[in-house]
Amino acid sequence: MTERAPRRSRLRRSALSAAAVVTLAAALLTPAAAAAPAAPVAAPSAAAAAPDIPVANVKAHLAQLQSIATANGGNRAHGRTGYKASIDYVKAKLDAAGYTTTLKTFSYNGSTGYSLIADWPGGDTSHVVMAGAHLDSVTGGPGINDNGSGSAGILETALAVSRAGLTPSKHLRFGWWGAEEYGMIGSKNYVNSLSAADRSKIETYLNFDMIGSPNPGYFTYRYDSALDALFRDWFAGIGISTEQDFEGDGRSDHAPFQDAGIRVGGLFSGADYTKTSAQATKWGGTAGQPFDRCYHSSCDTSANINDTALDRMTDAIAYAIWTLSAGSTTPPTGTVFENTADVQIPDNGAAVTSAVTVTGRTGNAPSALQVGVDIKHSYRGDLVIDLVAPNGTAFRLKASSSDSAPNVQTTYTVNASAVAANGTWKLKVQDVGPQDTGYIDSWKLTF
């Protein structure tokens with residue numbers, strides 16, 4: 001994962017409250033889902049057929065990446081022989097498994113860089129489901145968790161697709177990115193090289209950057225509510241409550257896809273942020289210590305992996321690939337109530353609200369109420385966001401954090417089933433830090 005940009009000290013994040021289980025299916029798989037979240041429907045049968053990915057196989061790939069680093073100056077960084085050997089290793093595995101592979105070259109810092117694209121034959125190429133991970137390390141270490149873990153996880157999932165002879169409805173594509181540690185150079189190059197028509201064919205991009213951290217957390221990308229629910233529900237099925245990823249926001253290869261208007265999701269097990277006592281109680285491990293004490297260091301070796309986290313994360317990847325590639329392209333439905341009036345947010349000041357009045361509904365709100373938020377702000381870590389129901393019940397959507405990226409443009413899922421649907425709902429936003437300003441651009445509820 002790319003090193004974060006310098007920023008001033010901020011409050012740590014807190015967990016987003018868990019939403020009720022949302023059954024995923026075809027409707028969540030289309031680009032339109034980003035604008036109108038999917039309604040609960042039956043899961044496709046292919047989801048149940050997703051295989052258990054043997055963690056021993058994933059670790060075997062990590063052992064190979066470690067050997068490559070050891071034989072090439074201790075790293076697998078862009079422009080170094082260890083990186084080219086790493087991509088040659090992955091390509092050989094995929095070629096033998098029946099994938100169509102393409103090396104994408106680019107130039108950065110005076111060196112030739114490489115990204116690898118692997119397409120599984122078949123499926124509707126106008127509806128592409130893509131998974132990716134960066135393959136390069138920093139120059140200071142072998143990069144086995146960052147990001148051998150994500151690279152090995154999607155490699156073994158891709159090989160499982162081949163072993164199963166999967167015939168997905170949608171087209172499957174995998175990507176291994178070069179020079180991520182310099183600012184997502186390889187993935188930016190790939191996205192920018194695509195025509196507008198080809199970009200529009202990528203319905204979903206899933207990113208996996210650090211999935212075997214030794215003091216692991218279980219974080220999901222929550223840019224898209226349906227993709228988030230896909231992973232949250234899978235982990236809930238094995239008794240694990242996930243949290244929203246703030247640490248990796250905008251710092252990995254999902255960012256170029258998101259900037260191009262492609263909906264993104266993914267998993268993350270934590271880097272140099274510190275595990276809280278509450279997280280240690282929930283997930284195990286050691287409170288007060290980083291999720292990965294060897295982040296961007298020489299000790300990020302094959303010994304720097306938590307096998308249990310790696311196993312769970314890779315199984316979740318397979319579940320997502322089997323589920324998403326099997327879905328139909330039927331657009332989702334839902335009744336939308338929206339407020340597009342701008343509301344200024346005072347810097348380090350009192351909370352402001354924007355109201356939406358819901359009428360014509362019967363009974364209570366759904367257990368998977370979708371809250372679409374578009375807030376323009378120069379430092380979103382300052383923002384605390386709540387949804388306030390007509391009866392005054394507040395649902396925390398976002399806590400303050402040290403996230404220095406701008407804007408909040410995402411959809412949250414809220415279990416509002418204990419609250420009557422009709423009435424005035426409010427989006428409550430407060431800026432709790434100095435120096436940065438913004439406004440509520442729009443927000444909406446989808447029932």
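Preceding this paragraph is the structure being described.
Residues numbered from 1 in each chain as written. Predicted model: local features only at pLDDT ≥ 70, side-chain atom pairs only at ≥ 80, totals over all residues. Heavy atoms only, no water.

Taken as a whole, this structure holds one disulfide when the rule is applied. Disulfide partner of Cys294: Cys299, at an S-S distance of 2.1 Å. Looking along the S-S bond of the Cys294-Cys299 disulfide, the torsion reads about -115°, which is the left-handed sense. Looking at Cys294, the relative accessible area reads 1%, which means it is buried. (Disulfide = S-S within 2.5 Å. Buried < 20%, exposed > 50% of the residue type's maximum accessible area, 1.4 Å probe, protein only.)

Next up on the list: the nonpolar core. Counting 78 residues, the largest nonpolar core has Leu94, Trp176 and Phe257 as the members making the most contacts within it. Looking at this core, the element that brings in the most residues is helix α10 (residues 307-326), giving eleven residues. Here Phe257 is in contact with Met130, Trp177, Ser187, Tyr190, Val191, Ile202, Tyr205, Ile262 and Val264, once residues within four sequence places are set aside. Ranked by size, the runner-up nonpolar core spans 30 residues in total, among them Ile375, Leu397, Val414 and Ala416. (Core = buried A, V, L, I, M, F, W, Y, C linked by side-chain atoms within 4.5 Å. Helix = DSSP H or I, 4+ residues; strand = E, 2+ residues; numbered from the N terminus. Contact = heavy atoms within 4.5 Å.)

This brings us to unusual backbone geometry. Peptide bonds are mostly trans, and most non-glycine residues show a negative phi. At the junction of Asp146 and Asn147, the peptide bond is cis and its omega measures out at 5° in the coordinates. For Asn109, which is not a glycine, the phi torsion comes out positive at approximately 55°. Inspection of the secondary structure puts Asn109 in the loop between β1 (100-108) and β2 (111-119). The phi dihedral of Asn348 is positive, around 50°, even though this residue is not glycine. With respect to the helices, strands and loops of the structure, Asn348 is situated in the loop between β10 (343-345) and β11 (352-358).

This part covers the sheet that holds strand β13 (residues 383-388). The four strands lie next to each other as β11-β16-β13-β14, forming an open sheet whose pairing is antiparallel. The two strands at the open ends of the sheet, each matched to only one other strand, are β11 and β14 (394-398). Within the sheet, the average angular offset between the axes of one strand and its neighbour, ignoring direction, is 20°. Looking at chain direction, β13 and strand β16 (residues 423-431) are connected through six bridges and run antiparallel. Within β16, the position partnered with Val384 by the bridge is Gln430. (Pairing = 2+ DSSP bridges. Axes fitted to C-alpha atoms, helices over the stretch in contact; angles between N-to-C directions.)

In spatial order, the strands read β1-β2-β4-β3-β5-β8-β6-β7; together these eight strands make up an open sheet with mixed pairing. Each of the sheet's edge strands pairs with one partner strand only, and the pair in question is β1 and β7 (243-244). Pairing analysis gives four bridges linking β2 to strand β4 (residues 170-177), with the strands arranged antiparallel. What sits directly across from Ala118, in β4, is Phe174. Against the sheet, helix α7 (residues 225-237) contacts β5 (202-208), β6 (219-220) and β8 (263-268), and its axis sits at roughly 30° relative to β8. Its contacts with the sheet place α10 against β3 (124-134), β4, β5 and β8, and it is angled at close to 145° to β4.

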